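# Analysis of the macromolecular model
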Amino acid sequence: MTAAASASTVAATAIPPPPSHRPADHGLNPAPDWTRIESELRGLNVMHEARQRRVLSRDFHWYSPILADELRDCVADLVVRVGTEDDVVRVAAAAARHRVALTVRGGGTGNYGQCVPLAGGIVLDASGMQRVLDIAPGRVCCEGGAKMFDIEMAVRETGQALRMWPSTWRAATIAGFISGGFGGVGSTLNGVLRDPGNLLRARVVTVEREPRVIELAGDEIQQVHHAFGTNGILTEVEVALSPAVEWQHVIALFADYRQVLEACMAASTPALEIFLLSAVDRRFAPYYTTLKERFPGDHHAVFAMVAPGSMPEFTRLVQAHGGRLSMAMDEAAAEVAGLPPAYECAYNHTTLQVLKADRGWTNLQVAYPQPFDPAPVLAQMQRFGDDVWQHQEFAKMHGSFATFAIVLTRWKGLEHQYELIRSIEADGCTIFNPHVVTIEDGGMKTIDTAQIEFKKRADPLGLMNPGKTRGWSPAMARAASFAA
Ligand SMILES: Cc1cc2nc3c(=O)[nH]c(=O)nc-3n(C[C@H](O)[C@H](O)[C@H](O)COP(=O)(O)OP(=O)(O)OC[C@H]3O[C@@H](n4cnc5c(N)ncnc54)[C@H](O)[C@@H]3O)c2cc1C
């Protein structure tokens, strides 16, 4: 979820028509010579076996029954797992020569079908480019396919830590996070990826017959951030680090959801050092099976990661709001006790815990008017009954505290899901719709013209996962003939 960028606003309430995934509709080569393409990629790790192609064409879009249905037949014609920037250049050049779609894949944990190849073509699996290249005070430089958890383990050796990561950090890559994510665990303290000082440098390979490398620094990285891999391939990135903290993984229990929200609002203060602050409806409790009495079904919970020095004040604040702590320990102690870390009880892991047991649910992402007022949440709890379970994240965005939600919604069909959307929007909230594939209908709400301008430089033929952005039309593609 990110702030609006610029230019024309896109309405979000209507049910969008299913998008076309036919290559010809995107100005692509309708009949590529795959044998020839494969021979041109000889020496690289090329996969063409049907099952491998299918597995490496999936991500977590299945949270949405709508996308699970729409994207069922979207499968790569070829997957190439790259290990170096030179490999990337070869694949990008081949895609341009043959004018076939190219979709970059990191860990494949994105929602919205971000790395599902809508029009087939080549999936470039970047997970082989995984080296941490340099660690310095306050910064780490690594290859785009490096996993966030591995980066954290490397920087920990120097007493430093990543400023934020998705709760999927064991599988998610740094470039996938920058291209598909917005923030996450750590955003309570350090803001979102878009906030100044978090992203420092990126190296981007263009998709052309003769690919080039473009270096971006600081704010220039916004041109590729949250662009869903549509405007260049990130081969190397540098992000900011903070001093490592031995976070306490905390659960606080409350009888009433208003108490939960008010406690989180009170804890959203610069006086407390909190890395994660997440409010979770008691109805999730039966699905957090390992927590048992630490999250019983008759109490709502706050899951938090709190600095040891802030624990006394955080505890006082919980008690002042009528709550009590049921867990407070570091991650190593939680592991020994067979308990999950707090971050696996927050963000989209809330949805995952339920979907692991029951596929009759999906989710909606909601941003509230700021400053946050609990009234719409409490009203929606009453209005939607058992069709919507609440879950809010308290983070910082653009220097201010901000609250948003990933609520669990019962799947009763497309019409019902859009009725819920419209009803939540009528309360002044914004929906970041996880049932659509485009950047604009999902998170951004507007066409980011700076990203489209950058796409003209980095993907002038419009080959990178066509169909993902409304801002690009095949007519914008630079005229080029297919390989002879
Ligand atoms: C349980 C769960 C919890 C989650 N929690 C969070 C969260 O806390 N915060 C959050 O922001 N997201 C979250 N997500 C979404 C997702 O996990 C993150 O955004 C993650 O960082 C994506 O990384 P990935 O490597 O898996 O990317 P992928 O899913 O592989 O790709 C994501 C996008 O990035 C593009 N991409 C990947 N690599 C490159 C590259 N090298 N160059 C250019 N483009 C590239 C892809 O084409 C795609 O559009 C969650 C998802 C799930 C299922």
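Along each chain, residue indices are assigned from 1 in the same order as the chain's sequence is written. The model is predicted, so local features are restricted to residues of pLDDT at least 70 and side-chain atom pairs to those at 80 or more, both for listing and for counting; the totals for chains, interfaces and linings are taken over all residues. Heavy atoms throughout the structure, all of them, feed into the side-chain values; hydrogens and water do not.

Of all residues adjacent to the ligand, which total 34 residues, the nearest are Val104, Gly106, Thr109, Thr173 and Gly183. Whenever two N or O atoms come within 3.5 Å, that pair is a polar contact, provided that in protein one can donate a hydrogen and the other can accept it, and provided that, for residues adjacent in sequence, both atoms are side-chain atoms. One nitrogen or oxygen atom from the main chain of glycine 106 is found 2.7 Å from an oxygen atom belonging to the ligand. In DSSP terms, a helix is any run of H or I states spanning at least four residues, a strand is any run of E spanning at least two, and both are numbered starting from the N terminus. Elements that contribute at least two residues to the shell around the ligand include exactly β3 (102-105), α6 (174-180) and β10 (233-243). Per element, the largest residue contribution to the shell around the ligand is 5 residues, and it comes from α6. When residue character is reported, Ala, Val, Leu, Ile, Met, Phe, Trp, Tyr, Cys and Pro are called nonpolar, Asp, Glu, Lys and Arg charged, and the others, Gly included, polar. Broken down by class, the residue content of the shell around the ligand amounts to 13 nonpolar, 20 polar and 1 charged. The cutoff for a nearby residue is simple: one of its non-hydrogen atoms must lie within 4 Å of the molecule or strand.

A few words now on the packing of helix α8 (residues 257-267) against helix α12 (residues 375-384). Describing two packed helices takes the angle between their axes plus the distance from one axis to the other. Fitted lines through C-alpha atoms give the axes, limited to the stretch in contact for helices. The angle between two N-to-C directions lies from 0 to 180 degrees. One can describe the packing of α8 onto α12 by two numbers: an axis separation of 10 Å at closest approach and a directional angle of 155°. By the angle between their axes, α8 is roughly antiparallel relative to α12. For the pair α8 and α12, the crossing hand works out as right-handed. Taken together, the residues of α12 that come into contact with α8 (itself represented by Tyr257, Arg258 and Leu261) are Val377, Leu378 and Met381. Each angle gets one of four labels, with under 35 degrees taken as roughly parallel, over 145 as roughly antiparallel, 65 to 115 as roughly perpendicular, and the rest as oblique. Left-handed describes a crossing whose near helix is turned anticlockwise from the far helix by less than a right angle; the clockwise case is right-handed. When checking whether two residues touch, look at their non-hydrogen atoms; a contact exists if any pair is within 4.5 Å.

By salt bridge we mean one thing: a side-chain nitrogen of Lys or Arg within 4 Å of a carboxyl oxygen of Asp or Glu. As enumerated under the stated definition, the model contains 24 salt bridges in all. Residue arginine 201 is joined to glutamate 215 by a salt bridge in which the shortest nitrogen-to-oxygen separation is 3.0 Å. You can see arginine 201 sitting in strand β8 (residues 199-205) and its partner glutamate 215 sitting in strand β9 (residues 213-217), a full 14 residues away along the chain. Since its relative accessible area comes to 21%, arginine 201 is described here as partly exposed. Shared partners join several salt bridges into a network, and the residues in it are Glu85, Arg139, Arg201, Arg203, Glu215, Glu236 and Glu238. Partly exposed residues are those whose accessible area sits between 20% and 50% of the maximum for their type, while under 20% is buried and over 50% is exposed, using a 1.4 Å probe and protein chains only.

Whenever strands of a sheet pair, they do so through backbone hydrogen bonds, lying parallel or antiparallel. Pairing within the open sheet is mixed, and its 4 strands lie in the order β1-β2-β4-β3. Each edge of the open sheet is held by one strand with a lone partner, namely β1 (45-47) and β3. Taken over all neighbouring pairs, the strand axes of this sheet differ in orientation by 25° on average, direction set aside. As paired elements, β3 and strand β4 (residues 122-125) share 4 bridges and run parallel to each other. Residue pairing across strands places arginine 105 opposite aspartate 125, the latter belonging to β4. Here the rule is simple: two strands pair whenever DSSP picks up at least two bridges between them.

Here we take up helix α13 (residues 414-425). Helix span, expected: 1.5 Å multiplied by one less than the number of residues in the helix. A rise of 1.5 Å per residue sets the reference length of α13, with its 12 residues, at 16 Å; its end C-alpha atoms lie 17 Å apart and thus fit the reference within 8%. Looking only at α13, the buried set comprises His416, Gln417, Tyr418, Leu420, Ile421, Ser423, Ile424 and Glu425. Check the buried side of α13 and you find it contacts α3 (65-70), β15 (361-367), α12, β16 (388-389), β18 (400-410) and β19 (430-432).

Assignment of secondary structure puts histidine 225 in the loop between β9 and β10. Engagement of the side chain of histidine 225 in a polar contact is seen with the backbone oxygen of isoleucine 178, the distance being 2.7 Å.

Domain boundaries assigned for the protein chain yield domain 1 (26-128), domain 2 (132-244) and domain 3 (248-439). The domain boundaries here were taken from an automatic or database domain assignment. Using only C-alpha atoms to locate each centre, domain 2 and domain 3 end up separated by 26 Å. On the domain 3 side, the residues contacting the 23 residues of domain 2 number 24 residues. Two parts placed together each lose some accessible area under a 1.4 Å probe, and the buried area is that loss summed for both. Between domain 2 and domain 3, roughly 1700 Å² of surface is buried when both sides are summed, and carbon and sulfur atoms account for 65% of that area. Summed over the three residues of domain 2 that lose the most area to domain 3, namely Ser167, Thr188 and Leu189, the buried surface amounts to 37% of that side. Taken together, the links from domain 2 to domain 3 amount to 0 salt bridges. Between domain 2 and domain 3 we count 10 residue pairs in polar contact (both at pLDDT 80 or more) in total. Looking at which element gives the most residues to the side of domain 2 that touches domain 3, the answer is helix α7 (residues 187-190), with 4 residues. The class makeup of the residues in the side of domain 2 that touches domain 3 is 9 nonpolar, 10 polar and 4 charged.

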